[in-house]
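For reference, the chains in residue letters:
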Amino acid sequence: MTAKSAAAAAGATVHGYPRQGPNRELKKAVEGYWKGRVTAAGLRQTAKDLRAANWRQLAETGIHEVPTGDFSYYDHMLDTSVMVGAIPPRHRAAVAADTLAGYFAMARGTQDVAPLEMTKWFDTNYHYLVPELGPDTVFAADATKQAAELKEALALGLAARPVLVGPVTYLLLAKPAPGTVADFQPLSLLERLLPVYAELLADLRAAGAEWVQLDEPALVQDRTQQELAAAERAYRELGGLTDRPKLLVASYFDRLGDALPVLAKAPVDGLAVDFTEAAAANLDALAAAGGLPGKRLVAGVVNGRNIWINDLEKSLTTLGTLLGLAGRVDVSASCSLLHVPLDVQAERDVDPEVLRWLSFARQKTAEIATLAKGLAQGTDAIGAELAANRAALASRTNSALTHDPAVRARAAAVTEAETRRSPSYADRTSAQRAHLGLPVLPTTTIGSFPQTTELRTARADLRAGRIDTDAYEERIRTEIRDVLAFQEKAGIDVLVHGEPERNDMVQYFAEQLTGYLATQHGWVQSYGTRYVRPPILAGDLSRPGPMTVRWTQYAQSLTERPVKGMLTGPVTMLAWSFVRDDQPLGDTARQVALALRDEVGDLEAAGTSVIQVDEPALRETLPLRAADRDAYLAWATEAFRLTTAGVRPDTQIHTHMCYAEFGDIVQAIDDLDADVISLEAARSHMQVAHELAEHGYPREAGPGVYDIHSPRVPGAEEATALLRRGLEAIPPERLWVNPDCGLKTRGWPETRASLENLVAAARTVRAELPDRAS
């Protein structure tokens, strides 16, 4: 095919689309179902309506082939486990009795049955449910969901492509089931899983699928020869099937490296490849592999993870180069648009000048359609769009918001001494213990407490003008008094004020820092029905004044026990925001760290003896390729130390991390030089405690004994068992007792019971310790 005819064949598509609806209709329907206010039929109808609306929107924008199967009630990896019949034994009865209720039991657990483990989807803030597999796992194909959703799209007269998690990625992201032998590798089940995928593909072809997309993002990570051989075998076998649709194998988030020639040579019909900045090396690698002659290439030139407008001319240049490397080039986003908000036009409070720089899911689909048109018809056909794009890009480059000389001068003047705390942990720990007077196995929580109906009502009333600021702040004071009273009565040692004044752990600070913008409708799914509104870090950043001191001081005035000051760390401020892409992340992190350093100093001056700087995103933001990690960890750990290194020896610095794989960043956790770290551990059965011990981690740690992402209340015996397991790895003088994460999303009844059980567990285990530790 000539370049000209390839251009004429160019189309527009996407890998996936936001699920929630313009007003988070899916969240409301699912939570209504959980509470018994929405029937299963009602939930299914809401979901069907949202899917249809999404597909129509995509088609009207110019997307020629819509994705199906990417829609989920909770998580697409959980959907895949259901699709291949990988239901853990403890959930089988619930699934058999009621498919929908059993599905949610796998996601959230019940009072009697624990849910699947949850962790981050590569280096994003999306959480997936981790498959549990063992040597006895028996797979069984169930294409019901995929086939039904495909038929819905086809009935609307649309070209549609089912999107499935590929078999290699599914197995690489799985974990051995509890009780499985230590050396079991889920990838060893590939031979057993491939016939199931063959059956699924046949079922989808029978349902009308011309193409099926198999997502293999795990192949952009460093992979062994054994793993690459598994990918080669998987797609040789699936590609060699006779009863199948055309196969499009997709990767995203980074460069494919050694996996690219494996996929390029596989007997499949096309590849979807990320060509954005993080994966720019894919272009040269594809050329070196000989391209994809006679095959389809879906080119991810629009970034599916950020909210900045695309440089259309730059993307057209990339697309023009790709025309000579494939039989057909279609234009797409780099990954599913699940990771960005729905529609920038819903924002009414953002400066119109800044609004020109932003592109949410609907705008990105328009960019994709424009690029496809330009590729097919030439740049004259999109002349007006190109001119508007050039003007918007220039506006951003020349804006005063993006360049503050004072901020840049301060960041440039940072010295090595400012990033190193003195004295060392070994020397300052005795001063902290003397100052705080805590018992062995001290108890605490992570920060937030349930946000009550009264608090949410007061917040809505303040926005609507039904109450004034004084009335609202009295509600805040009441909430803080109640939270402190409960903690004291329950016997918790280090208290928190519960954060009733905060909307979100990043947004709250972003709204008080220059350079940040907040959205009103920029919701993005984090997990299940948990949606967040990541703020937008658009320019140079500084702190006009104290952000947390007032309410922390008020809380401390109500008790003799220490109350933690609570801050969000610099890496998490970046990871859970949409961050400017016009300067290195390390430079932006240093600006955030300096603003937070000022806040830490003000908290300490106000009498706060324990300050927690949360960094749950440190592991999440770790580059997917090992070669890129040292540089990232250098600036990330430096930013944390710059935030915290200015305090006195007797001020105790805590940090917190949750829902990630920590084993490969234990050295970085050590390099943070925090005095205490709390970590998610309940669902992973204290695995992280043993990882810390194997590393020789010398500081204090609190691996969680209460899984807060499930509504179930862990009994005192369960928390005691986890705590005893923690003591197998961490000595009692360095072990803290705490939940996995903050309690904002939980209700008071379950929170109260769970924390009382947590304290009871700490007392039980304390009593078991020898006299030297008690």
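Along each chain, residue indices are assigned from 1 in the same order as the chain's sequence is written. Per-residue local features of the predicted model are confined to residues with pLDDT of at least 70, and side-chain atom pairs are confined, for both listing and counting, to 80 or more; whole-chain, interface and lining totals are unaffected and use all residues. Calculated side-chain values reflect all of the structure's heavy atoms, with hydrogen atoms and water omitted.

Caption draft 1: The overall build of the protein, seen in detail. A run of H or I in DSSP counts as a helix once it spans at least four residues, and a run of E counts as a strand once it spans at least two, with each numbered from the N terminus. Within the protein, the secondary structure is distributed over 29 helices and 21 strands. Taken over C-alpha atoms, the radius of gyration comes to 26 Å for the protein, in line with the 28 Å a tight globule of 774 residues would show. With the principal axes as the frame, the protein shows a C-alpha extent of 75 × 60 × 50 Å. Counting over 774 residues, the protein shows a buried share of 62%. Counting every atom, the protein has about 28100 Å² of accessible surface; 51% of that belongs to carbon and sulfur. Only four residue types enter the tally: Lys and Arg on the positive side, Asp and Glu on the negative side; His and the chain ends are excluded. To locate a charge, take atom NZ for lysine, CZ for arginine, CG for aspartate or CD for glutamate. Taken together, the 81 basic and 100 acidic charged side chains of the protein have centroids lying 3 Å from each other. We compute the radius of gyration over the C-alpha atoms and compare it with the globule rule, which gives 2.2 Å times the number of residues raised to the power 0.38. Throughout, exposure labels follow a simple rule: accessible area from a 1.4 Å probe, protein chains only, divided by the maximum for the residue type, with under 20% read as buried, over 50% as exposed, and the rest as partly exposed. Only the protein chains shown count as covering a residue, and every accessible area follows the Shrake-Rupley method with a 1.4 Å probe.

Caption draft 2: Looking closely at the packing of helix α3 (residues 40-61) against helix α7 (residues 144-155). Think of each axis as a best-fit line through the C-alpha atoms, taken over the contacting stretch in the case of a helix, with angles from 0 to 180 degrees between the N-to-C directions. Contact pair α3 / α7: the axes reach a minimum separation of 10 Å and the direction vectors enclose 50°. As summarised for this structure, α3 and α7 are arranged oblique, according to the angle between their axes. When you trace α3 past α7, the crossing you get is right-handed. Contacts from K48, R51 and W55 of α3 reach α7 at E149, E152 and A153. Any residue that is not Ala, Val, Leu, Ile, Met, Phe, Trp, Tyr, Cys, Pro, Asp, Glu, Lys or Arg is counted as polar, Gly included; the first ten are nonpolar and the last four charged. Its residues assigned to classes, the contact of α3 with α7 comprises 2 nonpolar, no polar and 4 charged. By definition in this entry, angles of less than 35 degrees are roughly parallel, angles greater than 145 are roughly antiparallel, angles of 65 to 115 are roughly perpendicular, and the rest are oblique. Crossing handedness: left-handed means the near helix sits turned counterclockwise from the far one by under a right angle, and right-handed means the same turn made clockwise. Residue contacts follow a heavy-atom distance rule, with two residues in contact if any of their heavy atoms lie within 4.5 Å.

Caption draft 3: Quick peek at the pairing of strand β16 (residues 565-568). Neither face of β16 is exposed, since G565 and L567 on one face and M566 and T568 on the opposite face are all buried. Of the pairings in the sheet, the one linking β16 to strand β18 (residues 610-614) comprises 4 bridges and is parallel in character. Within β18, the residue paired with T568 across the bridge is D614. When DSSP locates at least two bridges between a pair of strands, those strands are taken to pair.

Caption draft 4: Quick peek at the sheet that holds strand β10 (residues 292-302). Across the sheet, 7 strands lie side by side as β1-β5-β7-β8-β9-β10-β11; this open sheet has parallel pairing. Where the open sheet ends on each side, the last strands, each with one partner, are β1 (66-68) and β11 (326-333). Adjacent strand axes in the sheet meet at a mean angle of 25° when their direction is disregarded. For β1 and strand β5 (residues 160-165), the ladder comprises 3 bridges, and the chain directions are parallel. The residue bridging P67 from the neighbouring strand is R161, located in β5. Docked against the sheet, helix α9 (residues 190-206) engages β5, β7 (211-215) and β8 (246-250), running at close to 165° with respect to β5. Where helix α15 (residues 361-377) meets the sheet, its contacts fall on β10 and β11, and the angle it forms with β11 comes to roughly 155°.

Caption draft 5: Spotlight on the side chain of R597. Here R597 is to be found in helix α24 (residues 585-605). Filtering out sequence-adjacent residues up to four positions away, R597 remains in contact with E418, R641, L642, T643, A645 and G646.

Caption draft 6: Broad picture of the environment of L517. Take L517: it is sitting in strand β12 (residues 514-517). Each C-alpha atom, one on L517 and one on L537, is 6.4 Å from the other, the two residues being 20 residues apart in sequence. Setting aside residues no more than four positions away along its own chain, L517 makes contact with V350, V354, P535, I536 and A538.

Caption draft 7: Structural context of the nonpolar core. For our purposes a nonpolar core is just a set of buried Ala, Val, Leu, Ile, Met, Phe, Trp, Tyr and Cys residues, chained together by side-chain atoms within 4.5 Å. Ranked by size, the top nonpolar core spans 115 residues in total, and within it V84, F139, Y170, L319 and L322 carry the most contacts. No other element matches the 8 residues that α9 contributes to this core.

Caption draft 8: Representation of the packing of aromatic side chains in the model. Stacked, tilted and edge-to-face are the three classes assigned to paired rings of Phe, Tyr and Trp, where Trp is represented by its six-membered ring and a pair needs centres within 6.5 Å; plane angles under 30 degrees give stacked, over 60 edge-to-face, the rest tilted. This structure, assessed with the given rule, holds 16 aromatic pairs. The interplanar angle of 40° and the centroid separation of 5.5 Å between the aromatic rings of F449 and W748 together place this pair among those described as tilted. Highlighted residues: F449 in the loop between α18 (425-436) and α19 (453-464) and W748 in helix α29 (residues 748-768), separated in sequence by 299 residues. For the pair F449 and W748, a shared accessibility class is recorded, and that class is buried. Three or more aromatic residues joined by ring pairs make a cluster, and in this case those are Y33, W34, Y73, Y74, Y103 and F104. Against the face of W523 rests R24, its NZ or CZ located 3.7 Å from the ring centre. Here, a charge over a ring is recorded when the distance from Lys NZ or Arg CZ to the ring centre is within 6 Å and its angle to the ring normal is within 35 degrees. The ring of W211 has R296 sitting right over it, with the charged end atom 4.7 Å from the ring centre.

Caption draft 9: Spatial organisation of the packing of helix α20 (residues 469-490) against α29. The contact between α20 and α29 brings their axes to 10 Å, and the two run at 30°. The two elements α20 and α29 cross, and the hand of that crossing is right-handed. Taking contact as the criterion, the partners of V483, F486 and A490 in α20 are, on α29, W748, R752, L755, E756, V759 and R763. Residues of the contact of α20 with α29, tallied by class, amount to 6 nonpolar, no polar and 3 charged.

Caption draft 10: Quick peek at the pattern of salt bridges. When a carboxyl oxygen of Asp or Glu lies within 4 Å of a side-chain nitrogen of Lys or Arg, that pair is called a salt bridge. All chains considered together, the criterion is met by 53 salt bridges. Salt-bridge contacts for E232 lead to R236; the nearest nitrogen and oxygen are separated by 2.9 Å. You can see E232 and its partner R236 sitting in helix α10 (residues 225-239), 4 residues apart, about one turn around the helix. The class of E232 is partly exposed, set by a relative accessible area of 33%. R236 gets classed as partly exposed once you look at its relative accessible area, which sits at 45%. Salt bridges sharing common partners tie together R421, R428, D670, D673, D675 and R699.

Caption draft 11: Summary view of the environment of L338. Topologically, L338 is positioned in the loop between β11 and α14 (352-355). Judged by relative accessible area, L338 falls into the buried class, the value being 5%. Note: C-alpha distance between L338 and P18 (320 residues apart in sequence) is 4.3 Å. Filtering out sequence-adjacent residues up to four positions away, L338 remains in contact with G16, Y17, P18, R19, Y126, V524 and Q525.

Caption draft 12: Region of interest: the sheet that holds strand β19 (residues 652-657). Within the open sheet, the 5 strands sit side by side as β16-β18-β19-β20-β21. Their pairing is parallel. One side of each edge strand has no neighbouring strand; the edge strands of this open sheet are β16 and β21 (700-703). Ignoring strand direction, the axes of neighbouring strands in this sheet form an average angle of 20°. Pairing analysis gives 4 bridges linking β19 to strand β20 (residues 676-679), with the strands arranged parallel. Paired with H654 across the strands is V676, a residue of β20. Across the sheet, α18 touches β18, β19 and β21, and the angle it forms with β21 is around 70°. Those strands touched by α24 are β16 and β18, and its axis lies near 180° from that of β16.

Caption draft 13: View of α24. Taking 1.5 Å of rise per residue, 21 residues should cover 30 Å, and α24 covers 30 Å from first to last C-alpha, within 8% of that figure. Residue G607 follows α24 closely and has a positive phi angle near 100°. To estimate how far a helix should extend, the number of its residues minus one is multiplied by 1.5 Å.

Caption draft 14: Layout of the pairing of β21. Of the two faces of β21, the one holding E700 and G702 and the one holding A701 and P703 are both buried throughout. Bridging between β20 and β21 involves 4 bridges; their strand directions are parallel. Counted as the bridge partner of I677 is A701 from β21. If the strands point away from the viewer and the path from the first strand over the helix to the second runs clockwise, then the crossover is right-handed. With helix α27 (residues 687-695) bridging β20 and its parallel neighbour β21, the resulting β-α-β unit is right-handed.

Just geometry here; none of it tells us what the structure is for.
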